[in-house]
Amino acid sequence: MNYFELFALNHSFVLDTNELRAKYLELQRAVHPDKFANASEQDRLLAVQQSARINDGFGMLKTPISRAEYLLSLAGIELAHEYQTIKDPMFLMEQMELREALEDISTSSDPEQEIIDFQQQIDRHIRGFEQQFVDLFAAGDQSSLNTAADNVRKLKFMLKLATEARELEERLLGF
Amino acid sequence: MALLQISEPGQSSAPHQHRLAAGIDLGTTNSLVASVRSGQATILLNDQGVGSIPSIVHYGEHEIKVGLEAKAHAVSDATNTVVSVKRFMGRTLEDIQASHKELPYNLSASENGLVTIETRTGVVNPIQVSSEILKPLVELAKSTLAGELDGVVITVPAYFDDAQRQGTKDAAELLGVKVFRLLNEPTAAAIAYGLDNDQEGIIAVYDLGGGTFDISILRLNKGVFEVLATGGDSALGGDDIDQVIADWIIAQSGYDGDHSPALQREIMQLACRAKESLSSQDHTELTLNLPCGNDWHGQLSRDVFDSLIQPIVKRTLMACRRAVRDADINTSDILKVVMVGGSTRVPLVRDKVGQYFEQQPLTSIDPDKVVAIGAAIQADILAGNKPDSDMLLLDVLPLSLGLETMGGLTEKVISRNTTIPVAKAQEFTTFKDGQTAMALHILQGERELVEDCRSLARFELRGIPPMAAGAAHIRVTFQVDADGLLSVSAMEKSSGVQTSIEVKPSFGLTDNEVANMIKDSMTFAKDDMQARMLAEEKVEASRVHEGLVSALKIDAHLLSSEERAPIEQAMAQLASAQAGSDLKSIKDAIALCDKVSQDFASRRMDQSIRQALSGQSVDNI
């Protein structure tokens, strides 16, 4: 039983996270070890294992990036712990430019505004890659799936930038 | 719907029987016990009408005293009077010497380096001392509730690591008490608070106790208590506030002579009283009798006090900030801030916490009682007294778990703030031809270097089938249960050989030490030991038997009659073994039951998972 089946959801990148969360809580209510405080050792251990599996599944399906990776792994493309790099020169060039832009923000004339603009720009990229992933994954042929995998790799770069931008924002706003 | 509806009528041998359970707040400074009676969680009072006892143990000439009676010896017999032992739990002698400059004890180390205290009645470890503190609380619960306890919930700081949690559990088990659950203190407070007010939304629990600090961010929704993030410091609390005042007093008094154990204690007590009076006054007068015969008089103002403790308060706020970030929320998302622990009475703490969260923190529930109340509510539910309860606690791992890799670095296997229970597998391979063993070093903490993390255990995987280098694939599974306790199993994948694991807990107790401790404990003489083990095994046997009886009743459809027969046979064997008094045959019968019912148990679990989601319209979840 894969995680989509466990949560009785369609094998799809697009999902209703409220529905996912509601189902997650229902499943935990059924198997959480606290329901088995008076049960035998064997049943308690089984409950711990099942509860852990449900937690893992929820974590996997919860965020778009891990959901995308999981869908690809079900389709036979394993991205976790891989060392493959991106060979798209256009993308790499753009990454360098974005990094430079991020570095320049703190010395700019209006860093507070610039960091917000920068974050919006990154968000647009992220949404773009996610949308492309939906289409490529739906196509389903091997070449589309390979491109979808590249998309996920690019998405990871963007998410890393988003994290760094957020850290900079915190520093700028004096948290 | 659930696999075992324990309290459903007709399933248990004694339906609707009220099971006795209690919640215990084993605190650094004070400890208390609470229980749900007539639907209300209340703190249990002893014959003097007192609920909370000081967490102090005095090892006297003739007897061991706990609580107020022990406190009376804190100055006069400081070396044999253990206070704040919670700070020693799961810690090594080195840890303690590094963090405490002056302690009035004669300290030593156990086989594994764990700190031990030399008292006049012998060497004791923090688990034994904690067990002494638990004893009168358990006795109080037994006498108030009039019967043996089915189990207890004991609270621990959310930021306690594996060794500290295991030590706490061992302390209760030393008394022969079943621990339903170790519950994180802030989560316990959230239960007491949330159920009282039927709250929904995100709350922060700021818990500054005598020796530990926790911050937890929880989402409360329809009986679900979901911890989003937790943070803190398991060695930061009121004791540290006392220490900075004590240092200030010594500096002010100009005394530079020896610090006898009695003088150390006296200064600490003076500091503590000064702190307490500054919670309501602007300044306080101090008098210290110095060994040189002179008395020192001084005055401590609130302003000076505030500046002394400012660094401590700041450290707690840094932890708050990190927890808010880990929870992926903004402070403005937080509906309420709940204050827990005696140290939140300090005005500066309240002010700064209010400033950080931009709201007035809640102090409506007594910060000293709220944790025990929450634990009692949880214990009542776990005992099965509230079958209709829809409470669900989803807590998190407070500190990342990792493995030592090449070059003294750690590699994270499970990150902090992951919801528990959690299981993660990691694969390893051999690097030499014919290699049959492998060593793993498990660490807990956030830092990159092994030396900056806490060593939890060293494992040796043995019995790997000899193969060419790199051919063996060993899958090691790390599992953390709902108590936050780690267990590890390993399997060689290509051959399916279950690798045996030799656990060498770095800071836990060796089997020998555990055995000796039980032997030493005054309550259990040798014959008692046997009787106790037999009694415990019989309880487990009846759990297994009752579980199977009810399982066969509800889910007979999951078994063919051929599959059912061996289960019934094993149950008959268990019933007859349980009636006798041979420990081994009861154990064997339980093992047999487990074995023949294993498939059945998994099928039932799968069924309950399917049923959980069937017929549920998402709109009304």
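Since the model is a prediction, treat every value here as computed from it, not as a measurement.

So, the overall build of chain A
And step 1. Scanning chain A from terminus to terminus reveals seven helices and zero strands.
And step 2. Listed by position from the N terminus, the elements making up chain A come as α-α-α-α-α-α-α.
And step 3. Against the 2.2 N^0.38 benchmark of 16 Å for 175 residues, chain A shows a C-alpha radius of gyration of 20 Å, more extended than a compact globule.
And step 4. Projected onto its principal axes, the C-alpha positions of chain A cover 65 × 45 × 30 Å.
And step 5. The buried share among the 175 residues of chain A stands at 47%.
And step 6. Considering only intrachain contacts with a sequence separation of at least 6, the fraction spanning at least 24 residues in chain A is 68%.
And step 7. Accessible surface for chain A amounts to roughly 8,900 Å². Of this, 52% is attributable to carbon and sulfur atoms.
And step 8. Distance between charge centroids for chain A: 6 Å, based on 18 positive and 30 negative side chains.

What to know about the pattern of salt bridges
And step 1. This structure, assessed with the given rule, holds 42 salt bridges over all chains.
And step 2. Notably, a salt bridge pairs arginine 153 of chain A with aspartate 150 of chain A, separated by 2.9 Å at the nearest N-O pair. Of this pair, arginine 153 of chain A and aspartate 150 of chain A both sit in helix H7 (residues 142-172), three residues apart, which is roughly one turn of the helix.
And step 3. Looking at aspartate 150 of chain A, the relative accessible area reads 29%, which means it is partly exposed.
And step 4. Among the ionic pairs, arginine 120 of chain B bridges to aspartate 77 of chain B, the shortest N-O distance being 2.9 Å.

Notes on a negative patch on the surface
Residue and element names in this part refer to chain A.
And step 1. A grouping of Glu97, Glu100, Glu103, Asp104, Asp110, Glu112, Glu114 and Asp117 is seen on the molecular surface, where their side chains present a negatively charged patch.
And step 2. Elements represented by at least two residues in the negative patch include exactly helix H5 (89-105) and helix H6 (111-139).
And step 3. Among the elements that line the negative patch, the one with the most residues is H5, at four residues.
And step 4. Examined against the element boundaries, glutamate 97 turns out to sit in helix H5.

Observations concerning unusual backbone geometry
Leaving glycine out, the prevailing phi sign among residues is negative, and the prevailing peptide bond configuration is trans.
And step 1. Note the cis peptide between isoleucine 420 of chain B and proline 421 of chain B, where omega equals 0 degrees.
And step 2. By the secondary structure assignment, proline 421 of chain B is in the loop between strand E21 (409-414) and strand E22 (422-429).
And step 3. The phi dihedral of alanine 8 of chain A falls on the positive side, at around 50 degrees, and the residue is not glycine.
And step 4. Turning to its location among the elements, alanine 8 of chain A is positioned in the loop between helix H1 (3-6) and helix H2 (17-31).
And step 5. Overall, alanine 8 of chain A belongs to the partly exposed group, its relative accessible area being 45%.
And step 6. A positive phi angle, near 60 degrees, is found at aspartate 328 of chain B, a position not held by glycine.
And step 7. Residue placement: aspartate 328 of chain B occurs in the loop between helix H8 (302-326) and strand E18 (334-340).

Focus on the environment of leucine 137 of chain B
All names here are of chain B.
And step 1. In this fold, leucine 137 is placed in helix H3 (residues 126-145).
And step 2. Since its relative accessible area comes to 2%, leucine 137 is described here as buried.
And step 3. Separated by 114 residues in sequence, leucine 137 and glycine 23 place their C-alpha atoms 9.9 Å apart.
And step 4. Residues within four places of leucine 137 in sequence aside, it is in contact with Ile24, Ser31, Leu32, Val33 and Ile53.

Topic: the confidence of the model for chain B
All names here are of chain B.
And step 1. Residue-level pLDDT values for chain B average 85, and 90% of them are 70 or greater.
And step 2. Note on residues 1-15: pLDDT under 50 across the span, and 38 contacts to partners over four residues away in sequence or across chains.
And step 3. Under the prediction, the complex receives an ipTM of 0.85, its pTM being 0.86.

Quick word on the interface of chain A and chain B
And step 1. Counting residues at the interface gives 43 residues for chain A, matched by 51 residues for chain B.
And step 2. When the two sides are added together, the surface that chain A and chain B hide from each other amounts to roughly 4,000 Å², 60% of it contributed by carbon and sulfur.
And step 3. The largest per-residue losses of area from chain A upon contact with chain B belong to Arg29, Asn38 and Gln42 of chain A, which jointly make up 17% of the total buried on that side.
And step 4. For the pair chain A and chain B, the interface holds four salt bridges.
And step 5. Here aspartate 56 of chain A and lysine 424 of chain B are joined by a salt bridge, their closest N and O atoms 3.9 Å apart.

Notes on the packing of H6 of chain A against H7 of chain A
All names here are of chain A.
And step 1. At a closest axis distance of 9 Å, the pairing of H6 and H7 adopts a crossing angle of 160 degrees. Judged on the interaxial angle alone, H7 and H6 are roughly antiparallel. Two packed elements cross with a definite hand, and for H6 against H7 that hand is left-handed.
And step 2. Its residues assigned to classes, the contact of H6 with H7 shows 21 nonpolar, six polar and five charged.

Some remarks on the sheet that holds strand E5 (residues 56-59) of chain B
Within a sheet, adjacent strands bond to each other through the backbone by hydrogen bonds, running parallel or antiparallel.
Residue and element names in this part refer to chain B.
And step 1. Pairing is antiparallel across the open sheet formed by three strands, whose spatial order is E6-E5-E7. At either margin of the open sheet sits one strand with a lone partner, and together these are strand E6 (64-66) and strand E7 (81-83). For this sheet, the mean angle separating the axes of adjacent strands, direction not counted, is 15 degrees.
And step 2. Pairing between E5 and E6: three bridges, direction antiparallel. Each residue of the ladder has a partner; that of tyrosine 59, found in E6, is isoleucine 64.
And step 3. Sheet strands touched by H3: E5, E6 and E7. Its angle to E5, the strand with the most contacts, is close to 110 degrees.

Notes on the nonpolar core
And step 1. Among the nonpolar cores identified, the biggest contains 57 residues, and Phe7, Leu72 and Phe133 of chain A are the most heavily contacted of them.
And step 2. It is H7 of chain A that provides the largest number of residues to this core, a total of nine residues.
And step 3. Residues within four places of phenylalanine 7 of chain A in sequence aside, it is in contact with Leu20, Lys23, Tyr24, Leu27, Ile54, Gly57, Phe58 and Leu61 of chain A together with Leu613 of chain B.
And step 4. Judged by nonpolar contacts, the second largest core, of 47 residues, contains Tyr255, Ala271, Leu278 and Ile312 of chain B.

What to know about the sheet that holds strand E8 (residues 106-109) of chain B
All names here are of chain B.
And step 1. Strand order in the open sheet made by the three strands is E8-E9-E10, with antiparallel pairing throughout. Looking at the sheet topology across the chains shown, the edges are occupied by E8 and strand E10 (122-124). Along the sheet, successive strands turn relative to each other by an average axial angle of 40 degrees, direction set aside.
And step 2. Alignment of E8 against strand E9 (residues 115-119), held across four bridges, turns out to be antiparallel.

Rules used in this analysis
Residues numbered from 1 in each chain as written. Chains lettered and ligands numbered in written order. Predicted model: local features only at pLDDT ≥ 70, side-chain atom pairs only at ≥ 80, totals over all residues. Heavy atoms only, no water. Helix = DSSP H or I, 4+ residues; strand = E, 2+ residues; numbered from the N terminus. Rg over C-alpha atoms; globule rule 2.2 N^0.38 Å. Buried < 20%, exposed > 50% of the residue type's maximum accessible area, 1.4 Å probe, protein only. Contact = heavy atoms within 4.5 Å. Areas by Shrake-Rupley, 256 points an atom, 1.4 Å probe, with all protein chains shown as cover. Lys, Arg positive; Asp, Glu negative; His and termini not counted. Charge placed at Lys NZ, Arg CZ, Asp CG, Glu CD. Salt bridge = Lys/Arg side-chain N within 4 Å of Asp/Glu carboxyl O. Patch = residues over 30% accessible without salt bridge, like charges linked within 9 Å, V, L, I, M, F, W, Y side chains within 5 Å. pLDDT = per-residue confidence, 0-100. Buried area = accessible area lost by both parts, 1.4 Å probe. Axes fitted to C-alpha atoms, helices over the stretch in contact; angles between N-to-C directions. Parallel < 35°, antiparallel > 145°, perpendicular 65-115°, else oblique. Left-handed = near helix turned anticlockwise from the far one by under 90°. Nonpolar A, V, L, I, M, F, W, Y, C, P; charged D, E, K, R; others polar. Pairing = 2+ DSSP bridges. Core = buried A, V, L, I, M, F, W, Y, C linked by side-chain atoms within 4.5 Å.

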